[in-house]
Amino acid sequence: MELSLAGRRALVTGAGKGIGRSTVQALHAAGAQVVAVSRTQADLDSLVRECPGVEPVCVDLGDWEATERALGGVGPVDLLVNNAAVALLQPFLEVTKEACDTSFDVNLRAVIQVSQIVARGLIARGAPGSIVNVSSQASQRALTNHGVYCSTKGALDMLTKVMALELGPHQIRVNALNPTVVMTPMGQANWSDPQKAKTMLDRIPLGKFAEVENVVDTILFLLSDRSSMTTGSTVPVDGGFLAT
C-alpha cells in the first residue's frame, strides 16, 4: 500500500527512544521531512546521525513556556505524532502531587499545546493535516498502580475526539492509537519478569505483546491519505486485549 508521505513535513514528539524514534526513522525512510522533538540531546544527536536531514528540537514538553519558544516558529507541519509520555506508577493511596502534575503536563497538556501550534499553522495555510495521539490500552482498562497514567490516557482519548470534532471542518484529522505493552527497550525492561508478563499475556487473545513496527505501521497509516475518512477514532494495537 503506497502511503505517499514523501515531501510532507512531520513533527514527532518523544522522538529520542522507542516508538517515537522508530516513527521518525520510518517517516524519514518514506521521504518525509521530520522534526524530531526530545528532551534528551544525546538521543537527538544519534538520531540525526542515523537519519541525516532530520531537524532536532531539544525541549522538555512539560515546560509550557520552553515549548512555546522551541516550537512557536517551527514552520509548516502537515503531520503530527504526539508520542511523548511519562508513566509514573504508584499505588492509589500513595499518588503524589508531583506525579499528577508531571503526568498531566506531559501526557495531556503538551498534546494540547503542540497540537494547537500545528493546527493553527495548517488553518492559516488552508492545508489539510493529520494528527496521531499515541494513547494506550490503559485508557480503557484499569491497571494496578496505573491510576494517574490510566487517567491521562483516558483524557487523551476524549481530547482526541473533541479535537476531531472541532478540527474536522478544517480538514484536519485526529486519531488515537491504543497499544498494549510494546517491546521497546523500556517495555522489555518493565515486563521482563515472567510472572508479571503472564498476567498481562493471559488477557491478550493473540498471546503476545506488540512489536514496535506494529505500532509504527498503524501510525503511518493514520497519518497517510489512505485513512482519509478516519477521524476521532481510538485504534487498538493490542492483540485483542480490549475485546476481553
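Rules used in this analysis
Residues numbered from 1 in each chain as written. Predicted model: local features only at pLDDT ≥ 70, side-chain atom pairs only at ≥ 80, totals over all residues. Heavy atoms only, no water. Helix = DSSP H or I, 4+ residues; strand = E, 2+ residues; numbered from the N terminus. Rg over C-alpha atoms; globule rule 2.2 N^0.38 Å. Buried < 20%, exposed > 50% of the residue type's maximum accessible area, 1.4 Å probe, protein only. Contact = heavy atoms within 4.5 Å. Areas by Shrake-Rupley, 256 points an atom, 1.4 Å probe, with all protein chains shown as cover. Lys, Arg positive; Asp, Glu negative; His and termini not counted. Charge placed at Lys NZ, Arg CZ, Asp CG, Glu CD. Pairing = 2+ DSSP bridges. Right-handed = clockwise from strand over helix to strand, strands pointing away. Axes fitted to C-alpha atoms, helices over the stretch in contact; angles between N-to-C directions. Polar contact = N/O pair within 3.5 Å; in protein donor to acceptor, adjacent residues only side chain to side chain. Phe/Tyr/Trp six-rings, centres within 6.5 Å; stacked < 30°, edge-to-face > 60°. Lys NZ or Arg CZ within 6 Å of the ring centre and 35° of its normal. Expected span 1.5 Å × (residues − 1). Parallel < 35°, antiparallel > 145°, perpendicular 65-115°, else oblique. Left-handed = near helix turned anticlockwise from the far one by under 90°.

## Here's the deal with the overall build of the chain
Part 1: If you tally the helices and strands in the chain, you get 8 helices and 7 strands.
Part 2: In terms of overall dimensions, the chain is globule-like: its C-alpha atoms have a radius of gyration of 17 Å, near the 18 Å expected for 244 residues.
Part 3: Projected onto its principal axes, the C-alpha positions of the chain cover 50 × 40 × 40 Å.
Part 4: Expressed as a percentage of its 244 residues, the buried residues of the chain come to 50%.
Part 5: For the chain, the proportion of contacts with a sequence separation of at least 24, taken over those separated by at least 6, is 70%.
Part 6: Total accessible area computed for the chain in this model is approximately 11,300 Å², and 56% of it derives from carbon and sulfur atoms.
Part 7: Once the 20 positive and 23 negative side-chain charges of the chain are each reduced to a mean point, those two points are 3 Å apart.

## Here we look at the pairing of strand S3 (residues 55-58)
Part 1: When strand S2 (residues 33-38) meets S3, the two strands line up parallel, connected through 4 bridges. Looking at the pairing, Ser38 lines up with Cys58 of S3.
Part 2: In this fold, the crossover linking S2 to S3 by way of helix H2 (residues 41-50) has right-handed handedness.

## Re the sheet that holds strand S5 (residues 129-134)
Part 1: Pairing within the open sheet is parallel, and its 7 strands lie in the order S3-S2-S1-S4-S5-S6-S7. Two strands bound the open sheet, and with one partner strand each, they are S3 and strand S7 (234-237). Looking at each pair of strands side by side, their axes are set apart by 20° on average, direction ignored.
Part 2: Strands strand S1 (9-13), S2 and strand S4 (79-82) of the sheet are contacted by helix H1 (residues 18-29), whose axis makes an angle of about 165° with S1.
Part 3: Across the sheet, helix H8 (residues 212-223) is in contact with S4, S5, strand S6 (172-179) and S7; its angle to S6 comes to roughly 165°.

## Focus on the side chain of Asn107
Part 1: If you trace the backbone, Asn107 turns up in helix H4 (residues 97-125).
Part 2: Taking the relative accessible area as the measure of exposure, Asn107 reaches 1% and is therefore buried.
Part 3: Among the polar contacts listed, one links the side chain of Asn107 to the backbone nitrogen of Val86, at a separation of 2.9 Å.

## Examining the packing of aromatic side chains
Part 1: All told, the structure shown has 1 aromatic pair when counted by the stated rule.
Part 2: If you follow Lys196 out to its NZ or CZ, it ends over the ring of Trp191, 4.5 Å from the centre.

## Things to note about H1
Part 1: Here H1 contains 12 residues, and its C-alpha end-to-end distance of 17 Å stays within 8% of the 16 Å for a straight helix at 1.5 Å per residue.
Part 2: Residues of H1 that are buried sit in contact with S1, S2, H2, S4 and H8.
Part 3: Gly31 occupies a position one or two residues after H1 and carries a positive phi of about 95°.

## Here we look at the packing of helix H3 (residues 64-71) against H4
Part 1: Between H3 and H4, the shortest axis-to-axis distance is 11 Å and the interhelical angle comes to 25°. One finds that H3 runs roughly parallel with respect to H4. Once H3 is placed against H4, the crossing between them reads as right-handed. On the side of H3, the interface is formed by Trp64, Thr67, Glu68 and Leu71, while H4 contributes Arg109, Gln113, Val114, Gln116 and Ile117.

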